Amino acid sequence: SVPPAIIPAAEILPENLHAFRERICLIAEKSLSSDEITPVLNIDASVELSDIKMDLVKELSLLEPYGEANREPLLGAKSVKMTDYRVVGNGHLKMRALQKNAGIDTIGFGKGEVIKKISMTAEADIAFVPCINEWNGIRSLQLNLKAIRPSAENS
């Protein structure tokens, strides 16, 4: 049997990188549907903010340690109103998430740019990991925001 031919890897000269990037993006745009290039985030459960309690966070902590083969449970809530939003630290989004009669403080590490991309007056769908925040000896519920988008219910 004849071994397969070895094809040398092509090299792109640094001065051609910009043209290559433009061309490959054009090819991808023409050959891929929007469903194929739209990122998808799979949540483990859709919940109401009123479902998030200290007991739930403690139960979820029994699943630790988290890692590649055992990721943190990702929850989602729809039609959430955002209030008191601001950028803190090195580009982190801090806000209060409200849904019906429930409200929970939320932190989105590295998500400060979201303020520019989403209308904070409209409702949003959020994906998060619930956690317990301890500061100055006070423990409180907090959502670690992983993703946010305009609520599908508003579209």
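The present account deals with the structure reproduced in this document. What you are looking at is a predicted structure, and each value in this text was computed from that prediction instead of being measured.

1. What about the overall build of the chain?
Scanning the chain from terminus to terminus reveals 4 helices and 6 strands. Counting from the amino terminus, helix and strand elements in the chain follow one another as α-α-β-α-β-β-β-α-β-β. Taking contacts inside the chain between residues at least 6 apart in sequence as the whole, the part at least 24 apart equals 59%. With the model as given, the accessible surface of the chain reaches about 11200 Å², and the carbon-plus-sulfur share is 55%.

2. Some thoughts on the pattern of salt bridges
On inspection of all chains with the given rule, the structure shows 5 salt bridges. Its salt-bridge partner being Asp 44, residue Arg 71 comes within 3.2 Å of it at the nearest N-O pair. Of this pair, Arg 71 sits in the loop between helix H3 (54-61) and strand E2 (75-88) while Asp 44 sits in the loop between helix H2 (34-37) and strand E1 (45-46), and the two are 27 residues apart along the sequence. In this structure Arg 71 comes out as partly exposed when scored by relative accessible area, which is 45%.

3. Some words on the nonpolar core
Ranked by size, the top nonpolar core spans 20 residues in total, and within it Leu 49, Ile 52, Ile 126, Phe 128, Leu 143 and Ile 148 carry the most contacts. Secondary-structure elements contributing two or more residues to this core are E2, strand E3 (92-99), strand E4 (102-108), strand E5 (124-135) and strand E6 (138-150). Top element by residues in this core is E2. It accounts for 4 residues.

4. A few points about the pairing of E4
Counted residue by residue, E4 has 5 buried out of 7 residues, so it is predominantly covered. Relative to E4, E3 runs antiparallel, the two sharing 7 bridges. By the bridge assignment for E4, Ala 97 is matched with Ile 104. Hairpin connection, E3 to E4: the antiparallel pair is bridged by 2 residues, and Lys 100 has positive phi, about 55°.

5. Let's talk about the layout of surface pockets
Its volume calculated, the largest pocket comes out at about 420 Å³. Contributing to the lining of the largest pocket are 14 residues, with Leu 41, Ile 43, Ala 127, Ala 147 and Arg 149 lying nearest its centre. Elements that contribute at least two residues to the lining of the largest pocket include exactly E2, E5 and E6. In the lining of the largest pocket, the residues fall into 9 nonpolar, 2 polar and 3 charged.

Cut-off values and rules
- Residues numbered from 1 in each chain as written.
- Predicted model: local features only at pLDDT ≥ 70, side-chain atom pairs only at ≥ 80, totals over all residues.
- Heavy atoms only, no water.
- Helix = DSSP H or I, 4+ residues; strand = E, 2+ residues; numbered from the N terminus.
- Contact = heavy atoms within 4.5 Å.
- Areas by Shrake-Rupley, 256 points an atom, 1.4 Å probe, with all protein chains shown as cover.
- Salt bridge = Lys/Arg side-chain N within 4 Å of Asp/Glu carboxyl O.
- Buried < 20%, exposed > 50% of the residue type's maximum accessible area, 1.4 Å probe, protein only.
- Core = buried A, V, L, I, M, F, W, Y, C linked by side-chain atoms within 4.5 Å.
- Pairing = 2+ DSSP bridges.
- 1 Å grid on protein atoms, 1.4 Å probe; cavity = no way out; pocket = protein on both sides within 12 Å on 5 of 7 lines; lining within 4 Å.
- Points joined across faces, edges and corners; volume = space filled by probe spheres on them.
- Nonpolar A, V, L, I, M, F, W, Y, C, P; charged D, E, K, R; others polar.

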